[in-house]
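Overview (structure and organization)
Chain residues, written in single-letter form:
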Amino acid sequence: MQNSTIQAAPLLEAVELTKVYEDGVKALNNLNLVVREGEIYAMLGGNGAGKTTTINAFLDFIQPTSGKALINGIDANALPLEAKKHVAFVSENVQLYPNFTAMQNLDFFVRLGGKSHYERLDYERALHRVGLQSEAFDRKLKDFSKGMRQKCGIAIAILKDAPAILLDEPTSGLDPKAGKEFTRLVAELRDEGKAILMSTHDIFRAKEIADYVGILNNGELVAEKTKAELEGVNLEELYVEYMAGYMDEAPVSGSLSNNLS
Ligand SMILES: Nc1ncnc2c1ncn2[C@@H]1O[C@H](COP(=O)(O)OP(=O)(O)OP(=O)(O)O)[C@@H](O)[C@H]1O
Ligand SMILES: [Mg+2]
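Residues numbered from 1 in each chain as written. Chains lettered and ligands numbered in written order. Predicted model: local features only at pLDDT ≥ 70, side-chain atom pairs only at ≥ 80, totals over all residues. Heavy atoms only, no water.

Helix and strand content of the protein: nine helices and 10 strands. Compactness check: the protein gives a C-alpha radius of gyration of 19 Å against a globular reference of 18 Å for 261 residues, within 12% of the reference. C-alpha atoms of the protein, sized along the principal axes, occupy 55 × 40 × 40 Å. The burial tally for the protein puts 51% of its 261 residues in the buried class. Looking at the protein alone, contacts between residues at least 24 apart form 67% of all its contacts between residues at least 6 apart. Here the protein has roughly 12300 Å² of accessible surface; of this, 50% comes from carbon and sulfur atoms. Each charge class in the protein was averaged separately, 28 positive and 37 negative side chains, and the resulting centres sit 6 Å apart. (Helix = DSSP H or I, 4+ residues; strand = E, 2+ residues; numbered from the N terminus. Rg over C-alpha atoms; globule rule 2.2 N^0.38 Å. Buried < 20%, exposed > 50% of the residue type's maximum accessible area, 1.4 Å probe, protein only. Contact = heavy atoms within 4.5 Å. Areas by Shrake-Rupley, 256 points an atom, 1.4 Å probe, with all protein chains shown as cover. Lys, Arg positive; Asp, Glu negative; His and termini not counted. Charge placed at Lys NZ, Arg CZ, Asp CG, Glu CD.)

Right under this line is the structure:
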């Protein structure tokens with residue numbers, strides 16, 4: 001986390017971000033959040049809370065109704081090609097080519113992302129780093145498990161070497177070991193200075209690695225806590241109380257401070 005006196009420039013910033021879908025569903029209502037260099041921001045919230053909509057606005061997959069999604073200060077919906085140079089994305093279901101091998105997928109997508117100077121050794125290093133077994137490097141993805149595909153996705157994100165990373169439920173469906181390895185990798189990338197915005201349903205992992213935890217409910221950010229504020233707080237109970245609408249602004253000390261997690 002950044003020293004509070006010298007704050008890095010925001011790499012990902014939602015400014016009054018609002019999305020009303022065509023059918024009238026208000027998925028986001030004046031969302032404001034900031035992720036700076038060397039920070040992980042974890043978005044928690046129930047199904048339909050607006051987490052994917054937030055990420056999709058940064059990726060220009062959807063147009064906000066009002067407000068802005070800024071990547072490195074660039075409006076992601078006004079200048080999407082320019083903005084996307086500064087961000088890498090890994091979704092829950094990484095969409096890669098099933099008939100390409102891991103190596104071929106890396107080569108294709110990394111070049112597509114604008115990096116053409118890598119050699120096989122660079123791809124091997126990235127796949128080793130994400131923990132893909134070397135015998136799988138030249139196998140087609142159609143035979144890969146979800147976790148193995150996920151590892152290829154994060155390897156592509158690493159090779160893109162963008163300052164910001166968006167992750168939509170990256171550990172969903174991963175076995176506990178793969179989930180733990182993935183979380184370690186995300187923390188490493190943060191420590192290298194990346195700004196990471198992730199959605200997750202994994203409250204415990206969020207508390208473990210995030211510098212900021214935001215709780216969304218019906219498209220509104222109902223709570224935002226720093227790592228220090230969550231010290232000694234049972235985040236699961238805090239989450240449940242916010243989702244039930246018990247609190248407008250919860251005390252981080254007080255009744256909840258007794259629920260040591
Ligand atoms: N393309 C769409 N058209 C219309 N409504 C949509 C669309 N995408 C999402 N929504 C609605 O917007 C709201 C927010 O959905 P979103 O996918 O952002 O939630 P989420 O927090 O990612 O949920 P989950 O945890 O289930 O992934 C929901 O009410 C959803 O039904
Ligand atoms: Mg979602």
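Working definition: two side chains of opposite charge can pair if their charged atoms are close together. Counted by the stated rule, this structure contains 14 salt bridges. A salt bridge links E82 to K85; the nearest nitrogen and oxygen atoms lie 3.0 Å apart. With a relative accessible area of 35%, E82 lands in the partly exposed category. The exposure class of K85 is exposed, given its relative accessible area of 55%. In this structure, E181 and K177 form a salt bridge, with 3.0 Å as the shortest nitrogen-oxygen distance. Here E181 and its partner K177 are both found in helix α6 (residues 176-191), four residues apart, which amounts to about one turn of the helix. Note on K177: relative accessible area 59%, which makes it exposed. Ionic contacts of the salt-bridge type, sharing partners, join the residues R129, R184, E188 and E192 into one network. (Salt bridge = Lys/Arg side-chain N within 4 Å of Asp/Glu carboxyl O.)

Moving on: the site of ligand 1. Surveying the vicinity of ligand 1 reveals 14 residues, the closest of which are N47, G48, K51, T52 and T53. G48 places a main-chain nitrogen or oxygen 2.8 Å from an oxygen atom of ligand 1. A distance of 2.7 Å is found between an oxygen atom of ligand 1 and a side-chain nitrogen or oxygen belonging to K51. When ligand 1 sits alone it has 640 Å² of accessible area, and the protein chains cover 63% of it. Tallying contributions element by element places helix α1 (residues 51-58) first for the shell around ligand 1, with three residues. (Near = heavy atom within 4 Å. Polar contact = N/O pair within 3.5 Å; in protein donor to acceptor, adjacent residues only side chain to side chain.)

This part covers the pairing of strand β2 (residues 26-36). Bridge count between strand β1 (residues 10-20) and β2: seven bridges; the pairing is antiparallel. Among the inter-strand pairings, E13 is bridged to a residue of β2, identified as V34. The loop that links β1 with its antiparallel partner β2 comprises five residues; one of these, G24, has a positive phi angle of about 95°. (Pairing = 2+ DSSP bridges.)

So, on to the sheet that holds β1. Pairing in this open sheet of four strands is antiparallel, and the strands run β2-β1-β4-β5 from one edge to the other. Two strands bound the open sheet, and with one partner strand each, they are β2 and β5 (74-75).

What follows is about helix α9 (residues 235-243). For α9, the set of buried residues is L235, L238, Y239 and Y242. Looking straight down α9, one finds that the buried residues subtend no more than 100° of arc, so they occupy a single side. Against the buried residues of α9 lie β3 (39-45), α7 (203-209), β9 (212-217), β10 (220-226) and α8 (227-230). Downstream of α9 by a residue or two, G245 has a phi angle that is positive, lying close to 75°. (Arc of directions from axis to C-beta.)

Here the phi dihedral of E16 falls at roughly 50°; this positive angle occurs in a residue that is not glycine. As for its placement among the helices and strands, E16 is situated in strand β1. Even without glycine at this site, D161 takes up a positive phi of about 55°. In this fold, D161 is placed in the loop between α5 (146-160) and β7 (164-168).

With that settled, consider the packing of helix α3 (residues 102-112) against α5. Between α3 and α5, the least distance of the axes is 10 Å, while the angle of their chain directions is 40°. As α3 packs across α5, the resulting crossing turns out to be right-handed. Of the residues in α5, those touching α3 at A102, N105, L106, F109 and V110 are C152, A155, I156 and L159. Residues belonging to the contact of α3 with α5 are distributed by class as follows: eight nonpolar, one polar and no charged. (Axes fitted to C-alpha atoms, helices over the stretch in contact; angles between N-to-C directions. Left-handed = near helix turned anticlockwise from the far one by under 90°. Nonpolar A, V, L, I, M, F, W, Y, C, P; charged D, E, K, R; others polar.)

Keep in mind these values describe shape, not function.
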